[in-house]
Every structure is written in C-alpha cells, then in structure tokens.
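Each chain, letter by letter, is given below.
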Amino acid sequence: MAQPLERQQAKPHLAEEWVGKVYTLLCIAFLILTIFSLVYFVASKGLSTFFVNGVNVIDLLTGLKWAPEGEPRLFGALPFIFGSFSTSLLAAAIAAPLGFCASVFMVEIAPKFGRQYLQPVIELLAGIPSVVYGFVGLSVIVPFFRDVFPGQGVGIAAGAVVLSIMILPTITTIATDALAALPKGLKEGSYALGATRWQTIYRIVLPTTLPALMTGIVLGIARAFGEALAVQMVIGNAPHIPRSLFESASTLTSAITLSMGNTAMGTVANNALWSLALILMLMTFVFVFIVRWLERRSKI
Amino acid sequence: MSAKTANKIATSVIVAVSGLIVLVLAGLLGYILVRGLGHISFDFLTSAPETIRRGGGIGPQLFNSVFLLFLTMIITIPLGLGAGIYMSEYAPANKVTNGIRLIVEVLSSVPSIIVGLFGLLVLVNLFGFGFSLFAGALALTVFNLPLMVRITEQGLRSVPREQKEASLALGLSKWKTITSVMLPIAMPVILTGTILAAGRVFGEAAALLFTAGMSSPRLDFSDWNPFSPFSPLNPFRPAETLAVHIWKINSEGLAPDAKEIAAGASAVLVITVLAFNFAARWLGRYLYRRFTAIK
C-alpha cells in the first residue's frame, strides 16, 4: 500500500523536473543551432565566390586592387586585410600601455580612489555606443589630424585612436582582475627583499601576469578587428593600401558596411563581400583560440 | 639612476596616465553633452526627421529604439535564462559541455556586423521577414544571447551552496529549487547584468543596418493597431533606430544641420546608456540590501 502512494507523490515533482529540463535544453539547443547556422550560412556564401564564381583564393588574399564592377573584375582584398590588421594592432599598441598603467594604479598605487572613481569611469567607456565614438572621432580627431598632419585627417591613425579608446575598458578590466588575483606572498616577498614598488611591478607582477595581460590585449584586438561603424566613419574608405597613417584607407568591416547594401544578392560583387565576412569570422575564431591558449597558460 | 628615482618616475608616469584616461573620458562625455544638449528640445525628440531641410527631429527613431529594445529583451530574457540555467545547473561536466562553452564564447566574440549579415541572409531573405523590427530583434537576440547566458551563469554561481542543498534536502525538485530558491537570490546579479546588456542593445547599430533597415516609413502615431502598416507597433515594418540614424546622417546626411542632429542624437543615446548604467548600479545595490538585510 505504501509504495503506490509514494509513487503518486513523486509524480508532480517528476513532471516539473521534466519541464525544466526540456525547457533549458531547448534554449541551449537554439543557441547551438544559431551558431552553427551562422557559421554555415556565412561560410557557404563566402566560399561561393571561389566555387561558383571561380575567383582564385590566392588572388583574393593577395590582390591589391578591388574593382568588383570594373573590367576586368578584380577582387584583391589585401588592402582591406591590411587595413583591419594595422588599425586593430595599432589600437592595441596605444591602449595596452594605458590599460596596464590604469590597472596598476587601481591595484597597487591607489586602490581606494581607483576602485571608487577610475573603475566606474572605465566601465562607462565600455557602455558608450560605437556610433557615438565614430561621431566624436569624425568631429574631433579627424579635424585635429587634418590640421596637424598632412592629408585629409582620415585614415589608419584616426581609426586606431578611436578604436584604442573603445578597447581600453576590455584591456584594463582584465589586467585589473589579473593584478588583483596575484597571490599576496609574491609581492610581499619582493618588498621584504628591499625592492621598490616599481621593481616589484616590472620584475614580479608583470612577468607573472603576462599571459592574462595578453588575454586582455588579444580580446581588445578581436573587438577592434570586428568593429564596423566607428572605423568606417573615420577611415576614409579608399580601397587601397595607404602610404601613410593619415591617408584614406579601408578595413574588412568598412568595405562590407559600405557596399553590402549597393550590390544585388547572388552577384559576384556581393559574394566577394561575403568572402570578406568569412575572413572576418575566421579571424574571430583564431582570436578565440589564442585567448583559450593564453588562458591555459595563465593558470599558475 | 638609483632604484628609488626609477620608482618615483614610474609612479608619477602611472598616475599621470591614469589622470589622462579620466580626462579623456571627461572630455568625451563633456564634448558629446555640450555639443548635443543645446540641440535637444521637446520638438527635436518628437518630430520626424527631414531629408534636405533643416529642423528635423528624431521622434520615430527614438520610438523605434525603445520598441526594438523591448522586443529584443522579450525574446532574449527567457532564452538566455533557460540556456544559462542549463549551463550552470543541468550540464554534466564532460566534453560536450566544454564544447558548448566554447561555442558560446565564439558566438559572443562574433563581430556584430557578421550577426547583421547573418540576419540579412536568414531572417530578411530566407524567412522573408524583410527589413523589419522583428528581424532586427532576432538579430540582436543572437548578438545578446551569449552575454545573457554568462550573466545567468554568474548569478546562479553566486548562490550559496548551502541554500541550494537545503532546498534539495527538503525534497524540492531541482527545477523548483532553481526557480523559487536560486533565481530570487541570483536576481540582483542577473538584473544588473540584464540592464547593462540592454544598454548595449540600445546603442547597437552594425547588426541592425541590414536587418531592421536604414529607413523608417511614415508613422501614424494615432494608429495603434499592430497589424496596420503605418502603425508604430507593427513589428513587421522597417525601422531605423537612433544609433543607425546617427551613422546614416554622418555618412550621407543631406540636411544642412546634419552635424547638430548627429550631436543631439548622440547626446540622447549617451544619456540613455548612462541612465541604464546608473539604474543597474542603483538597482543592484538596492536589491542586495533588500535580500541581505544589510543597512
């Protein structure tokens, strides 16, 4: 008699449990389906340039001239690839030392003031929309560069400066976490041996947190690499490799943004843009794997 | 140079750089607000934009942004909560789960322009939604979902183990434990994160260029039937949001006061995002106090 009663009591619980399990599983299945279809659709469109339209992969990756409507049609994406890499690497080169200094300030020099004022300020930087950065870049940085340096002001330098402010929060937040997570004994040992604060920072703190700092920098580069509108607004959008930092250039994202709306779906000019998107996506994967590799290294 | 001098120099450089960062941000915010606030008026916020004449407003764009945010969050929150609960509570610790974690990480770092292109291909063309609010909301969901999953996971991880175990020991099912014990405790973290994510959605433009579209039809604000093509509530009409509008008038604006409109719209956008930020902070602190009984 006791057994059937028990089973009856257990039933609503089981049903509830089942609902929860199925619901959460469906949600995660949707997420997985989304990413696979995203990769599939972008890849199939991007690859059709090579398989359907017969454009040579090597020509696309190394060609210097982009003239999808020209005669003959030329699909050289090297200027865009060069533009993307140079702006994002330059942005990281500007932002990395700034971010490191800010995180050292917050963790080692003035923890109280830093946590109370600098950190919220940097988090606010992360929240500002990218079009606003683009607008400020266009109305402050570009005119400034135009006055100070030869050229129109637009170009890789303007793009890199705008991007460096955008990725500063990423780099700083990760560096701050890494510095704060450093075992106290390491620093105290160094101070006990008579080292100054700076000696401790660059002989002990910097080497031990380097993989984590690099993680932040790579994440920053990844964000800069994929940023579209802010860069497009300040870079000038000329489809060739510039001879100086202050000459109009293009990135993968700016080329896609500008031309995707003007080409008809299914034409070779449109497919070539999807190939650019595919390059962008593959680079994202590369960045994710570098970050994963660095994270494994940073576990002490 | 002695070690002490080097220390002093390095310290002052670090302090100076930190000061510079604060100055840059203050300058940035100050510039946007000073340039933009003067242009903001009730008329600017409610009237329709002009293409060639001066004096256009941002009314429809502002409405579209808010409405799109609302649609996006309605879709994102249940999906993100579910997926986050799965990752933190149900997922077994094995290779498949690690794979899913990698997938979520990859999705969160896919550039928003790629998400927009995916939306163009699948939502706009394949599913036939056309340039519409609905397609834009779904694209933003794809873009926002990984963040939501991470926030939910973080929130659930912050629940004390004892509370979860006590609930399970009382004989509550796992799902009941999650919904009526763990989620309320995790609520401050989840809510704060959600508001910050909403701020990000509000300012997003690249994913919307090719999904929600770059134009807004003439809206009739007296028509609230969601199926009418001119109704602001119709989710299947194209809709240009505020962020997209800023980009558009900066790159191809013909109105003589395009710069001022861009400045005003940027100020509105930044103020909204700042409001989201402060609301998240305040709400997080308030809820934390309520739930922990700390004065």
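Residues numbered from 1 in each chain as written. Chains lettered and ligands numbered in written order. Predicted model: local features only at pLDDT ≥ 70, side-chain atom pairs only at ≥ 80, totals over all residues.

1. Structural notes on the overall build of chain B
- Within chain B, the regular secondary structure consists of ten helices and zero strands.
- Reading chain B from its N end, one meets helices and strands in the order α-α-α-α-α-α-α-α-α-α.
- Each principal axis of the C-alpha atoms in chain B carries an extent, and together these give about 70 × 70 × 40 Å.
- Taken across its 295 residues, chain B has 46% of its residues classed as buried.
- Summarising the internal contacts of chain B: among those between residues at least 6 apart in sequence, 76% fall at separations of at least 24. (Helix = DSSP H or I, 4+ residues; strand = E, 2+ residues; numbered from the N terminus. Buried ≥ 20, exposed ≤ 12 C-beta atoms within 10 Å, placed from the backbone. Contact = placed C-beta atoms within 7 Å.)

2. Quick word on the interface of chain B and chain A
- Each side of the interface is counted separately: chain B has 66 residues, and chain A has 65 residues.
- Sorting elements by how many residues they give to the side of chain B that touches chain A places helix α1 (residues 3-37) of chain B first, with 17 residues.
- Across the side of chain B that touches chain A, the residue classes break down as 48 nonpolar, 13 polar and five charged. (Nonpolar A, V, L, I, M, F, W, Y, C, P; charged D, E, K, R; others polar.)

3. Digging into the domain arrangement of chain A
Residue and element names in this part refer to chain A.
- We note that the domain assignment places domain 1 (2-52) and domain 2 (74-299) within chain A.
- Distance between the C-alpha centres of domain 1 and domain 2: 35 Å.
- Taken together, the contacts link seven residues of domain 1 with eight residues of domain 2.
- Here the residues of the side of domain 1 that touches domain 2 are counted per class, giving three nonpolar, three polar and one charged. (Domains from an automatic or database assignment.)

4. Here we look at the environment of valine 291 of chain A
All names here are of chain A.
- Tracing the backbone through its elements, the reader meets valine 291 in helix α11 (residues 268-298).
- Separated by 188 residues in sequence, valine 291 and serine 103 place their C-alpha atoms 20 Å apart.
- The residues touching valine 291, leaving out its near neighbours within four places in the chain, are Thr215, Val218 and Leu219.

5. Describing the environment of proline 97 of chain A
- By secondary structure assignment, the location of proline 97 of chain A is in helix α3 (residues 78-109).
- With 197 residues separating them in the primary sequence, proline 97 of chain A and leucine 294 of chain A have C-alpha atoms 19 Å apart.

6. Overview of helix α3 (residues 59-90) of chain B
- Over its 32 residues, α3 of chain B runs 45 Å from end to end, which matches the ideal 46 Å to within 8%, given 1.5 Å per residue.
- Its maximal kink placed at threonine 76 of chain B, α3 of chain B deviates by approximately 30 degrees, while the proline proline 78 of chain B follows within four residues. (Expected span 1.5 Å × (residues − 1). Bend = angle between axes of the 7 residues up to and from the residue.)

7. Thoughts on the environment of proline 235 of chain B
All names here are of chain B.
- Along the polypeptide, proline 235 turns up in the loop between α8 (174-203) and α9 (242-252).
- Remark: the alpha-carbon pair of proline 235 and phenylalanine 202, spanning 33 residues in sequence, is separated by 17 Å.
- Setting aside anything within four residues of it in sequence, one finds proline 235 in contact with Leu71, Ser132, Leu133 and Phe134.

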